[in-house]
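An overview of the molecular structure
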Amino acid sequence: STGYVTLDPSYGNTGSCKSAITYIDGDQGILRYRGYDIAELCEKSTFMEVSYLLVYGELPTPEQFTRFKDKVQHHSLIHEDMKSFFTAYPGHAHPMAILSAMVCSLSVYHPELLKSDPTPKEMSQTITRLLSKVRVLAAFAYKRSVGEAFVYTKPKLDYVANFLHMMFTNPVEDYEVDEVIRKALDVLFIIHADHEQNCSTSTVRMVGSSKANLFAAISAGICALWGPLHGGANQMVIEMLEDIAKDGCNYKKYIDKAKDKNDPFRLMGFGHRVYKNYDPRAQIIKKHCDELLDQLGINDPILEIAKGLEEAALTDPYFIERKLYPNVDFYSGIVYRAMGIPTNMFTVMFALGRLPGWIAHWKEMIEEPGTRIARPRQIYVGSPQRAYVPINRRR
Ligand code: SDX
């Protein structure tokens, strides 16, 4: 009766969407990309290899992987004109606003890739360009926000190390990429890489189903991810934990607020539409969070508050009855903080991780024979037919 329908981009109307990319069992807390368990991929693979796996469906051969990485590195420049776009934004502009606009603007510089039915070669060019350039646009958005010069990638650094290099190197001070940080960020990108039909991925499929180009579809996905109930939650978690710290670490007060029906406050980083068990990604992040802070010798009081809050919530009947567990966003912000990444860039980090998943779903959809434009239906709950009343007779 609410007019809510199941959005189903693959089939144009409502029903269930078929996909061969990611499998989730919410009750068991299982997550697999193309059949490979998330924990095994985090332990044995890399974000670049997982990106190839998600997009092309198979782990790459050594030759395929080398060619893929070389193309991603080759395409890591953006048109010099685009640099002036960044300086047109005020310094306080949220990086997600900049990122979504810049990704859509990439289409202006690659008109040859705007075809609604790209050849496999054109599709591969678009995909490697996006994977490479979105990371550059994200780093440039950060540099704009801190008023520093843009820094370009280095051929010898891998995808993740180059992102950290572009973020933290400046013309007068080199940033040595710490392997511990690089590995932790690579894992974070892997666990964010895909999550079946979440809000932003469904948005990418929805926009792509109209045959809009991939740049436009990804830009729309970035906007959907920005929401505090979705990718914006990782920024909200840290702000919530900082509020709790300022409030004398009284996390019981915040648990009571979250339970109060008259209070719109929700425990950010808790709960999930699909996982009614512990989000496997949260478990992996929590482990890496402990290891990273320990290896970097960082004692972040926010981590202790997060652990105390988690322990209190997991033993509270309200959360137990509703099967509310920590999700992927609960610990990720603490790891980003330890890396020196500012809070307003946390959702951008989520977008960088999710990019291969969005691309994979777009590719799967446009390659699916007979895919039609998404056109969800509704349950009409408005007024029955009625006659027009002239304004002079309205009271
Ligand atoms: C992501 O879909 C994906 O896969 C998303 C994602 C991905 O990888 O793409 O996993 C990433 O977006 C993770 C979620 C990040 N968002 C947050 O952490 C925001 C806080 N969480 C919630 O707002 C909520 O849990 C959602 C949005 C995540 C899920 O909401 P649902 O499935 O619509 O749950 P619901 O609103 O129907 O809640 C069911 C009950 C309600 O209580 P009752 O009306 O039954 O009494 O649980 C309560 C809710 O009030 N509830 C919470 C809560 N989440 C749900 N109560 C307090 N705190 C919370 N966080």
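Residues numbered from 1 in each chain as written. Predicted model: local features only at pLDDT ≥ 70, side-chain atom pairs only at ≥ 80, totals over all residues. Heavy atoms only, no water.

1. Thoughts on the sheet that holds strand E3 (residues 36-37)
Taken in spatial order, the three strands make up an open sheet running E1-E2-E3, and their pairing is antiparallel. At either margin of the open sheet sits one strand with a lone partner, and together these are strand E1 (22-25) and E3. One ladder, built from four bridges, connects E1 with strand E2 (residues 30-33); its direction is antiparallel. Residue pairing across strands places Ile 24 opposite Leu 31, the latter belonging to E2. (Pairing = 2+ DSSP bridges. Helix = DSSP H or I, 4+ residues; strand = E, 2+ residues; numbered from the N terminus.)

2. Looking at helix H5 (residues 95-109)
Here H5 is 15 residues long and its end C-alpha atoms lie 21 Å apart, about the 21 Å a rise of 1.5 Å per residue gives. Of the residues making up H5, those classed as buried are Pro 95, Met 96, Ile 98, Leu 99, Ser 100, Met 102, Val 103, Leu 106 and Ser 107. The elements touched by buried residues of H5 are helix H4 (81-88), helix H6 (120-146), helix H10 (214-225) and helix H17 (346-367). (Expected span 1.5 Å × (residues − 1). Buried < 20%, exposed > 50% of the residue type's maximum accessible area, 1.4 Å probe, protein only. Contact = heavy atoms within 4.5 Å.)

3. Description of the pairing of E2
Only one face of E2 is covered, namely the face carrying Leu 31 and Tyr 33; the face carrying Ile 30 and Arg 32 is uncovered. Count of turn residues in the E1/E2 antiparallel hairpin: four residues, of which Gly 29 carries a positive phi of about 70 degrees. Where E2 lies against E3, two bridges are found, and the strand directions are antiparallel. Opposite Tyr 33, over in E3, you have Tyr 36 as the bridge partner. In textbook terms, the turn of a hairpin is the stretch between consecutive antiparallel strands, and for E2 and E3 this stretch comprises two residues, one of which, Arg 34, has a positive phi near 50 degrees.

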